[in-house]
Amino acid sequence: PPPPVTVWLYPDRGMKGRLIGAHGVIIARPWQSEIHMHGSKRPDPHLRHEMVHVLGAALAGGPFGVPLSPLPDTGLIEGLAVALGPHDTEISLQGAAAGMLQAGSLPSIDTLFSVRFSLGHGRRSYRAAGAFLQFIAQEKGWQPIIDAYRQGGLKTTDLDLKAWEQRWHAALRDRPKELGARRALIRGYSGHSVLDRACPNEVQAAWRHAQTKDPIS
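Residues numbered from 1 in each chain as written. Predicted model: local features only at pLDDT ≥ 70, side-chain atom pairs only at ≥ 80, totals over all residues. Heavy atoms only, no water.

Participant: Any chance you could break down the nonpolar core for me, citing the residues and the numbers?
Facilitator: Ranked by internal contacts, the top residues of the largest apolar core, which has 36 residues, are Leu106, Phe113, Phe132, Leu154 and Trp168. Elements represented by at least two residues in this core include exactly α4 (74-84), α5 (93-103), α6 (109-112), α7 (122-140), α8 (143-151) and α9 (161-173). Those residues in contact with Phe132, other than ones at most four positions away along the chain, are Ile109, Phe113, Leu154, Leu161, Trp164, Glu165 and Trp168. Of all hydrophobic cores here, the second largest spans 5 residues; its members include Ile26, Ala28, Ile35 and Met37. (Core = buried A, V, L, I, M, F, W, Y, C linked by side-chain atoms within 4.5 Å. Buried < 20%, exposed > 50% of the residue type's maximum accessible area, 1.4 Å probe, protein only. Helix = DSSP H or I, 4+ residues; strand = E, 2+ residues; numbered from the N terminus. Contact = heavy atoms within 4.5 Å.)

Below is the structure:
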């Protein structure tokens, strides 16, 4: 069984920033089986995402607890956490992917599961990777994804990713458009690369906070 997970819950992001230097982001440290986060709503909308990162260390092994071959497969790491974590309430993962495909902004599988993942738009990259892994799991089960995590990356498996990408795109084209999809895509899936902006989960949290009357801590 995986080791127990320690969750460090800080009263606010300011305190977290002063103590560990990470002011505005929630951090998972798979190699230490730790999560560092500031107070949020209950149940916290991001805890499950971070738990996937930490628990995945038991599959990946190694000194960092993430799939490496030899560089981290960020698309697999974040995609699995997105696929198994909390989803947007306005649009499903597959609905978001279908909208991106129609708009011509869906990242290619070759880009998502390579070092170029972080050069793409944050929310598109995260959700597209999660939607693709979810599609594989729905069609073939989770075992190929578990194997990929253990072997160091999605491209290390015997999956024909180009063929899977074509099957996925065909399924997305046949998918009925979801109510509210256009608004959700315009608001949440436009902008800059992962390296140029905050974690997509932080963006979503900020949007939710903006709709409340709670003071900013």
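Participant: Give me the lowdown on a nonpolar patch on the surface, citing residues and values where you can.
Facilitator: On the surface, a cluster of nonpolar side chains totalling about 310 Å² of accessible area is made up of Trp31, Phe64 and Leu68. Here Leu68 shows up in the loop between α3 (57-60) and α4. Residue class for Leu68 comes out partly exposed when judged on its relative accessible area of 31%. (Patch = residues over 30% accessible without salt bridge, like charges linked within 9 Å, V, L, I, M, F, W, Y side chains within 5 Å. Areas by Shrake-Rupley, 256 points an atom, 1.4 Å probe, with all protein chains shown as cover. Salt bridge = Lys/Arg side-chain N within 4 Å of Asp/Glu carboxyl O.)

Participant: Residue-level account of α5, with values.
Facilitator: For an α-helix, the turn length of 3.6 residues means that residues three or four places apart are oriented alike. Counting buried residues in α5 gives 9 out of 11 residues, a clear majority hidden from the surface. Leu93, Gln94, Gly95, Ala96, Ala97, Ala98, Gly99, Met100 and Leu101 are the residues of α5 that are buried. At the exit of α5 stands Gly104, carrying a positive phi of roughly 75°.

Participant: Tell me about the packing of aromatic side chains, and please be specific about residues and values.
Facilitator: To describe a pair of aromatic rings, one takes the distance between the centres and the angle between the planes. This model, assessed by the stated rule, comprises 5 aromatic pairs. With centroids separated by 5.9 Å and ring planes inclined at 50°, the aromatic side chains of Phe113 and Phe132 adopt a geometry described as tilted. On the criterion of sequence distance, the pair formed by Phe113 in the loop between α6 and α7 and Phe132 in helix α7 is long-range, its members being 19 residues apart. Residue classification places Phe132 among the buried residues on the basis of a relative accessible area of 0%. Through successive ring pairs, a cluster of aromatic residues spans Phe113, Phe132 and Trp168. The ring centre of Trp164 lies 4.2 Å from the NZ or CZ of Arg167, which sits over that ring. (Phe/Tyr/Trp six-rings, centres within 6.5 Å; stacked < 30°, edge-to-face > 60°. Lys NZ or Arg CZ within 6 Å of the ring centre and 35° of its normal.)

Participant: I'd like a description of unusual backbone geometry, backed by residues and values.
Facilitator: Cis geometry is found at the peptide bond from Ser69 to Pro70, where omega equals -10°. One can find Pro70 in the loop between α3 and α4. In the Ramachandran plot, Ser33 falls in the positive-phi region, its phi being about 55° despite a non-glycine side chain. Tracing the backbone shows Ser33 in the loop between β2 (27-29) and β3 (34-38).

Participant: Which residues make up the packing of α4 against α8, and what values do they have?
Facilitator: Here α4 crosses α8 at 140°, and the two axes come no closer than 11 Å. It follows from the interaxial angle that α4 and α8 lie oblique. α8 is crossed by α4, and the crossing has left-handed handedness. Two secondary-structure elements touch here, α4 through Leu76, Ile77 and Leu80 and α8 through Ile145, Ala148 and Tyr149. Split by residue class, the contact of α4 with α8 holds 6 nonpolar, no polar and no charged. (Axes fitted to C-alpha atoms, helices over the stretch in contact; angles between N-to-C directions. Parallel < 35°, antiparallel > 145°, perpendicular 65-115°, else oblique. Left-handed = near helix turned anticlockwise from the far one by under 90°. Nonpolar A, V, L, I, M, F, W, Y, C, P; charged D, E, K, R; others polar.)

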